[in-house]
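Overview (structure and organization)
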Amino acid sequence: MKPFAVALLAAASLLLGSGCKDDSNKKSNANEIVVGEYASMTGATATFGQSSHKGAVMAMEEINKEGLLGGKKIRLVTEDNRSDANEAVTAVQKLISRDRVVAVLGEVASKRSLAGGGVCQKAKIPMISPASTNPTVTAVGDYVFRICFTDDFQGMVDAQFAIKELPDIGKKPWKKAAVFTDVANDYSKGLSKAFRETYPKNGGQIVAEETYRESDNDFKAQLSKIKSADPDAVFVSGYYTDVGKILRQARELQLNVPFFGGDGWDSPQTLQLGPIADNCFYTDHYSADDPRPEVREFIKRFQARWGETPDAMAILGYDAMGVLADAIKRAGKAEPQAIRDALATTKDYPGASGTITMDANRNARKPIVVVRIHGGKGSRADAIAPQ
Ligand code: PHE
């Protein structure tokens, strides 16, 4: 080999560095638009990240059939944050400085969106959370968007549903409720707060308030206190990972009233809890028995692609990528600032999860469904229009 060629090769290998073996480190080329995603692919709430990721990938594949901006393809670079907020910060930093992404999708959990959102805001890279509902997430700054409703609305709907009478499904008004909050989780704290603010206004009375932390395993002390307050129902504002443990221990203590919660309950694992979860309810972004043709069509395509029925994170992950691609098209260029400005004017985007319009605070107003668990299945018990 000529010395010149050797030098060239050496320089090239220096440039590429050691971390360049995997595909994600490929330098971007003119024919692609590099989009980052940070998600909990592993760890405690892995179904959140796995589902939103499947939705985003499927949307990307559909968009790439035609391409964007005259045939460019989206390349998605996914970083696993292992269900951890500190890891979320590192993941987003990598996506921005190493992969030079023009926009970021993520996260599902509000705590991790708050962490990653700070990084995006500082770097002026637009971020779209598919499913984080805590009100403070988009308050991080003008580069942070979401395509779902917020917990002010969700907590209010939970409080209104609690006192509703639904004779068809044998539901009586729950006039006395206990509130059980995960104080290590921003989402849970915010949702309980919104519930607390509206339930009494609707004639409900909170007879017990207990707390736990997400990694706890023993809830018996709190559940015993809740039981002695004799509530008609128990509001658990945390994630599915704890709901299962809590329900099991509640039933062991003969605390047999209905439990209910928010979108954090959504996971195939919740439906698999069996009879202990019968006639429990949760509010959500979507239910698989939605009769709207666009939802039926989406479910069919998702099943064909992934061999499973999508949950809320999957449909929202799909729409997050769709909204981003729509903004890139309208911006006419794949540059962070232009994409941000286009995202801010998203109006009547026809998402699979519903129509998406960004309000002045970068939030979307969407309808909520109340899912009833029975016989190992979730079905729509109620639907509430946006505020
Ligand atoms: N809304 C939850 C949060 O903000 C995340 C979530 C969304 C969980 C949808 C399940 C389904 O933390």
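In this text the structure is predicted, and so the values were computed from the model without any measurement. (Residues numbered from 1 in each chain as written. Predicted model: local features only at pLDDT ≥ 70, side-chain atom pairs only at ≥ 80, totals over all residues. Heavy atoms only, no water.)

1. A few points about the state of the cysteines
How we decide: The disulfide definition used here is simple: a pair of cysteine sulfur atoms within 2.5 Å. Accessibility here uses a 1.4 Å probe with only protein chains present; expressed as a share of the type maximum, an area under 20% marks a residue as buried, one over 50% as exposed, and anything in between as partly exposed.
This model, assessed by the stated rule, comprises zero disulfides. Looking at C120, it has no disulfide partner, and the nearest cysteine sulfur is the one in C148, 16 Å off. Residue C148 is classed as buried on the basis of its relative accessible area, which comes to 0%.

2. Notes on the site of the ligand
Going by this rule: Working definition: residue near molecule or strand if any one of its non-hydrogen atoms lies within 4 Å of it. We call two N or O atoms a polar contact when they sit within 3.5 Å, provided that within protein one can donate a hydrogen and the other can accept it, with sequence-adjacent residues counted only if both atoms are side-chain atoms. Computed with the Shrake-Rupley method and a 1.4 Å probe, the accessible areas treat only the protein chains shown as cover for residues. The rule is simple: put a 1 Å grid over the protein atoms alone, call a set of points where a 1.4 Å probe fits but cannot get out a cavity, call an open set with protein on both sides within 12 Å along at least five of seven lines a pocket, and count a residue as lining if it has an atom within 4 Å of a point. Assignment of a molecule to a cavity or pocket requires that more than half of its atoms lie within 2 Å of the corresponding grid points. Nonpolar residues are Ala, Val, Leu, Ile, Met, Phe, Trp, Tyr, Cys and Pro. Charged residues are Asp, Glu, Lys and Arg, and all others, Gly as well, are polar.
Around the ligand sit 13 residues in total, of which S110, T133, Y239, D263 and M313 are the nearest. Here a nitrogen atom of the ligand and a side-chain polar atom of T133 are 2.8 Å apart. At 2.6 Å, a side-chain N or O of Y239 approaches an oxygen atom of the ligand. Here the ligand loses 100% of its free accessible area of 330 Å² to cover by the protein chains. Judged by the proximity of its atoms to the pocket grid, the ligand belongs to the largest cavity. Looking at the shell around the ligand residue by residue, the class counts come to seven nonpolar, five polar and one charged.

3. Observations regarding helix 10 (residues 293-306)
Convention followed: In this description a helix means any DSSP run of H or I spanning at least four residues, a strand means any run of E spanning at least two, and both kinds are numbered starting from the N terminus. By definition here, a helix of n residues has an expected span of 1.5 Å times n minus one. Note that the arc is defined by the directions from the helix axis to the C-beta atoms. In what follows, residue pairs with any heavy atoms lying within 4.5 Å of each other are defined as contacts.
The terminal C-alpha atoms of helix 10, which comprises 14 residues, lie 20 Å apart, in line with the 20 Å expected from a rise of 1.5 Å per residue. Taken residue by residue, helix 10 has V295, F298, I299 and F302 as its buried positions. Looking down the long axis of helix 10, one finds its buried residues gathered within 100° of arc, a one-sided arrangement. Opposite its buried face, helix 10 presents the exposed residues P293, K300 and A304, each directed more than 90 degrees away. The inward-facing, buried residues of helix 10 contact helix 2 (46-66) and helix 11 (312-331). Two residues or fewer past helix 10, G307 is found with a positive phi of approximately 70°.

4. Examining empty space enclosed by the protein
Let me state the cut-off plainly: Grid points are joined across faces, edges and corners, and a volume is the space filled by probe spheres set on the points. The domain boundaries here were taken from an automatic or database domain assignment.
Scanning all chains against the criterion turns up two cavities of 30 Å³ or more. Its boundaries defined by the atoms lining it, the largest cavity holds a volume of some 90 Å³. A breakdown of the residues in the lining of the largest cavity according to their chemical character gives seven nonpolar, five polar and one charged. Residues lining the lining of the largest cavity come from more than one domain, with at least three contributed by each of domain 1 (12-149 + 290-356) and domain 2 (151-284 + 369-384). Roughly 70 Å³ of volume is contained in the second largest cavity. Every residue lining the second largest cavity is listed: E37, Y38, A39, S52, A56, L105, G106, E107, V108, P130, G317 and A320. Of all the secondary structure elements, the ones that give two or more residues to the lining of the second largest cavity are strand 1 (32-39), helix 2 and helix 11. Residue contributions to the lining of the second largest cavity peak at three residues, all from strand 1.

5. A few points about the domain arrangement of the protein
Formally: The buried area of a pairing is the accessible area, by a 1.4 Å probe, that goes missing from both parts when the two are put together, added over both. We define a salt bridge as a contact between a side-chain nitrogen of Lys or Arg and a carboxyl oxygen of Asp or Glu at a distance within 4 Å.
Parsing the protein into structural domains produces domain 1 (12-149 + 290-356) and domain 2 (151-284 + 369-384). Inter-centroid distance (C-alpha atoms) of domain 1 to domain 2 is 30 Å. Facing the 19 residues of domain 1 at the interface are 20 residues of domain 2. Around 1500 Å² of area is buried between domain 1 and domain 2 when both sides are counted, 55% of it from carbon and sulfur atoms. For the interface between domain 1 and domain 2, the tally reads zero salt bridges. Counting across the interface, domain 1 meets domain 2 through seven residue pairs in polar contact (both at pLDDT 80 or more). Secondary-structure elements contributing two or more residues to the side of domain 1 that touches domain 2 are helix 2, helix 4 (110-123) and helix 11. Looking at the side of domain 1 that touches domain 2, its residues break down into eleven nonpolar, five polar and three charged.

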